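Chains, contacts and geometry: an overview
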Amino acid sequence: MNLFRLFGDLSHLASIFILLHKIKTSRSCRGISFKTQALYVGIFVTRYLDLFTRWVSLYNFLMKLFFIGSSCFILYLMRYRFRPTHDPSIDTFRIEYILGPCFLLSLVFNYKFTLLEVLWSFSIFVESVAILPQLFMLQRTGEAETITTHYLAALGVYRALYIPNWIYRYFTEGVVDPIAVTAGIIQTGLYLDFFYVYFTKVLQGEKFELPA
């Protein structure tokens, strides 16, 4: 069993449950980027279009269903149930700067020029930078609720664990996925500044605040 992938998936699940807990208990989506969550909906839908056409395992099938369903549910909560608690004036990252280049990259870098493969590549490239609107919000406000930082940390750990997962698969299965590896390294790199503040402040019991 590939424990790196298992714990990476568990960390990803934890991040979603933490976010749902934060929204439901506080009845607020304050500090959460609607644009980042919308990107995740797009990522999971475009990546898992093969849900009913390609069977891998029950685990794989259930995980795909969960990620699509939970991301749509989070977006619903933010868009309708707790919309007044979201401040669009600070969620201002221009996601077209993400979508346009990622779409062009997916046309060039894919394993087969078919609709499903291009959309899969598109989802990988978008996921590598989907956290940018959220990080941009943090940069604008300069602070975040502790539970929001736990959500981001779990999301970052999920991606970080996929790096040893790829190394493990290379040595045990001879599998190399250059598109996913490159995108994953970029995504993990985007968390470095966040993790520095998280480890030096939040885990020490202090409030998450970015340096002035």
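Note that the structure is a prediction, hence the values are computed from the model and not measured.

**Considerations on the overall build of the chain**
A tally of regular secondary structure across the chain gives nine helices and two strands. Moving toward the C terminus, one meets the helices and strands of the chain in the order α-α-α-α-α-α-β-α-α-α-β. Whereas a compact globule of 212 residues would reach a radius of gyration of roughly 17 Å, the chain reaches 17 Å, a difference of no more than 12%. Its C-alpha atoms put the chain at 45 × 35 × 30 Å along the principal axes.

**Regarding empty space enclosed by the protein**
Applying the stated criterion across every chain, the model contains three cavities of 30 Å³ or more. In this model, the largest cavity occupies a volume close to 100 Å³. Considering the residues around the largest cavity, the lining is formed by 13 residues, among which Ile16, Gln37, Tyr40, Phe44 and Tyr151 are closest to the centre. Counting residues per element, the ones that place at least two in the lining of the largest cavity are α1 (3–26), α2 (34–47), α3 (58–81) and α7 (146–173). In terms of residue class, the lining of the largest cavity is built from eight nonpolar, five polar and no charged.

**Observations concerning the packing of helix α5 (residues 115–129) against helix α8 (residues 178–190)**
At a minimum axis separation of 7 Å, α5 and α8 run at an interaxial angle of 15°. With respect to each other, α5 and α8 are oriented roughly parallel. Considering how the two elements wind past one another, α5 and α8 form a crossing that is left-handed. Counting all contacts with α5, which are made through Trp120, Ser121, Ile124, Phe125, Glu127, Ser128 and Val129, the residues of α8 involved are Ile179, Ala180, Ala183, Ile186, Gln187 and Leu190.

**Things to note about α1**
Spanning 24 residues, α1 covers 34 Å between terminal C-alpha atoms, matching the ideal 34 Å at 1.5 Å per step. Every buried residue belonging to α1 is among Gly8, Asp9, Ser11, His12, Leu13, Ser15, Ile16, Leu19, Leu20, Lys22 and Ile23, and all of these are buried. On its buried side, α1 packs onto α2, α3 and α7. One side-chain oxygen of the residue at the start of α1 lies 3.1 Å from the amide nitrogen of phenylalanine 4, identifying that residue as asparagine 2.

**Notes on the packing of aromatic side chains**
The way to describe two aromatic rings as a pair is by their centre distance and the angle between their planes. Evaluated as defined, the whole model comprises 22 aromatic pairs. Between tyrosine 111 and tryptophan 120 the ring centres are 6.0 Å apart and the planes differ by 40°, which places this aromatic pair in the tilted class. Judged by its relative accessible area of 44%, tyrosine 111 is partly exposed. Cation over ring: arginine 79 sits above tyrosine 80, and NZ or CZ is 5.3 Å from the ring centre. A cation over an aromatic ring shows up here: arginine 159 above the ring of tyrosine 158, its NZ or CZ 4.9 Å from the ring centre.

**Examining the packing of α2 against α3**
The relative placement of two packed helices comes down to the angle between their axes together with the axis-to-axis distance. Taken N-terminus to C-terminus, the directions of α2 and α3 make an angle of 150°; their axes are 9 Å apart at the nearest point. Judged on the interaxial angle alone, α3 and α2 are roughly antiparallel. For the pair α2 and α3, the crossing hand works out as left-handed. Taken together, the residues of α3 that come into contact with α2 (itself represented by Phe34, Gln37, Ala38, Tyr40, Val41, Phe44 and Val45) are Phe67, Ile68, Ser71, Cys72, Ile74, Leu75, Met78 and Arg79. Its residues placed into classes, the contact of α2 with α3 shows 12 nonpolar, two polar and one charged.

About the cut-offs
- Residues numbered from 1 in each chain as written.
- Predicted model: local features only at pLDDT ≥ 70, side-chain atom pairs only at ≥ 80, totals over all residues.
- Heavy atoms only, no water.
- Helix = DSSP H or I, 4+ residues; strand = E, 2+ residues; numbered from the N terminus.
- Rg over C-alpha atoms; globule rule 2.2 N^0.38 Å.
- 1 Å grid on protein atoms, 1.4 Å probe; cavity = no way out; pocket = protein on both sides within 12 Å on 5 of 7 lines; lining within 4 Å.
- Points joined across faces, edges and corners; volume = space filled by probe spheres on them.
- Nonpolar A, V, L, I, M, F, W, Y, C, P; charged D, E, K, R; others polar.
- Axes fitted to C-alpha atoms, helices over the stretch in contact; angles between N-to-C directions.
- Parallel < 35°, antiparallel > 145°, perpendicular 65-115°, else oblique.
- Left-handed = near helix turned anticlockwise from the far one by under 90°.
- Contact = heavy atoms within 4.5 Å.
- Expected span 1.5 Å × (residues − 1).
- Buried < 20%, exposed > 50% of the residue type's maximum accessible area, 1.4 Å probe, protein only.
- Polar contact = N/O pair within 3.5 Å; in protein donor to acceptor, adjacent residues only side chain to side chain.
- Phe/Tyr/Trp six-rings, centres within 6.5 Å; stacked < 30°, edge-to-face > 60°.
- Lys NZ or Arg CZ within 6 Å of the ring centre and 35° of its normal.

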